[in-house]
Amino acid sequence: MYRGKYSAPKHSHRRRGSALKVALMSFMACLMIFSVIGGSLAWLITSTEPIVNVFTYGDIRITLTETKGEELSDGRYFKMTPGKVIEKDPKISVLADSEDCWLFVKIEESTDKALSDYIEYAIADGWTALQEAPGVYFRTVDNSSEAQTFSVLKDDKVSVKCSVTLEMLQVLNSSNYPTMKFTGYAVQRDMSIDAIDSAAEAWALISASNN
């Protein structure tokens, strides 16, 4: 019996080569199919509506008004008669939407002819005298959507002292009439970083800014 080396028929090699080609083509076709399918997959994607942060600014706006007396170029004039009550209505308003504030009014009296020799008055309720600054009064005012108005003088009036004499009136002239001057100030009260804890601290800021 012949036992020589076996040699596969040539047509068997051709069949294996053809099968390999078919398998390779099938693999490539599958790869292309998956590529197409993968490119058209509907991924779940969503998002939120944006929240826009806008930082505007706060403000404090105040006005000082007075309606009584005769208004001239250098002030309001009132006639003094001993014992007479004179209507006098200075008012400070904190306008709508102003920030929480310390509100001040400063009353300056003449010293040449001392106002206190002729006139007496009281401060309206709600004001507190600032011990550190004579003639200065304060109150706290909270934010409001409406304007807030405060009288400075109690009952919107001053009174001429009964002790005033004709001689005291006759020495007066345009250079030495007794006077009183009102000035309003406001300082923001709500500070998250450096809090202003007292009216005295707020007034110190005003004093520093005016120097």
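The model shown is predicted, which means the values in this text are computed figures rather than measured ones. (Residues numbered from 1 in each chain as written. Predicted model: local features only at pLDDT ≥ 70, side-chain atom pairs only at ≥ 80, totals over all residues. Heavy atoms only, no water.)

1. Section: the pairing of strand S9 (residues 136-141)
Part 1 of the argument: Within S9, five of the six residues are buried, which leaves it mostly tucked inside the rest of the structure.
Part 2 of the argument: Pairing between strand S8 (residues 128-129) and S9: two bridges, direction antiparallel. Within S9, the residue paired with Thr 128 across the bridge is Phe 138.
Part 3 of the argument: In this antiparallel pair of consecutive strands, S8 and S9, the connection spans six residues, and Gly 135 shows a positive phi of 85 degrees. (Buried < 20%, exposed > 50% of the residue type's maximum accessible area, 1.4 Å probe, protein only. Helix = DSSP H or I, 4+ residues; strand = E, 2+ residues; numbered from the N terminus. Pairing = 2+ DSSP bridges.)

2. Some details on the pattern of salt bridges
Part 1 of the argument: On inspection of all chains with the given rule, the structure shows six salt bridges.
Part 2 of the argument: Arg 76 is the salt-bridge partner of Glu 71, the closest N and O atoms lying 3.4 Å from each other.
Part 3 of the argument: Relative accessible area serves as the criterion here: at 27%, Arg 76 is assigned to the partly exposed category. (Salt bridge = Lys/Arg side-chain N within 4 Å of Asp/Glu carboxyl O.)

3. Regarding the sheet that holds strand S5 (residues 91-94)
Part 1 of the argument: Read across the open sheet, the three strands follow the order S1-S5-S10; overall the sheet is antiparallel. The strands lining the two open edges of the sheet, one partner per strand, are strand S1 (62-65) and strand S10 (148-151). Strand after strand, the sheet turns through a mean of 20 degrees between neighbouring axes, direction not considered. (Axes fitted to C-alpha atoms, helices over the stretch in contact; angles between N-to-C directions.)

4. Quick look at the layout of surface pockets
Part 1 of the argument: One number sums up the size of the largest pocket: a volume of about 860 Å³.
Part 2 of the argument: Lining the largest pocket are 28 residues, and of these Arg 76, Tyr 77, Phe 78, Pro 178 and Thr 179 sit closest to its centre.
Part 3 of the argument: At the level of secondary structure, the elements contributing two or more residues to the lining of the largest pocket comprise S1, strand S3 (75-77) and strand S12 (180-188).
Part 4 of the argument: Here the residues of the lining of the largest pocket sort into 15 nonpolar, six polar and seven charged. (1 Å grid on protein atoms, 1.4 Å probe; cavity = no way out; pocket = protein on both sides within 12 Å on 5 of 7 lines; lining within 4 Å. Points joined across faces, edges and corners; volume = space filled by probe spheres on them. Nonpolar A, V, L, I, M, F, W, Y, C, P; charged D, E, K, R; others polar.)

5. Some points on the environment of Ser 116
Part 1 of the argument: With respect to the secondary-structure elements, Ser 116 resides in the loop between strand S6 (101-109) and strand S7 (119-120).
Part 2 of the argument: Given a relative accessible area of 37%, Ser 116 falls into the partly exposed group.
Part 3 of the argument: Remark: the alpha-carbon pair of Ser 116 and Pro 178, spanning 62 residues in sequence, is separated by 8.6 Å.
Part 4 of the argument: Those residues in contact with Ser 116 that lie beyond four places of it in its chain are Glu 109 and Lys 161. (Contact = heavy atoms within 4.5 Å.)

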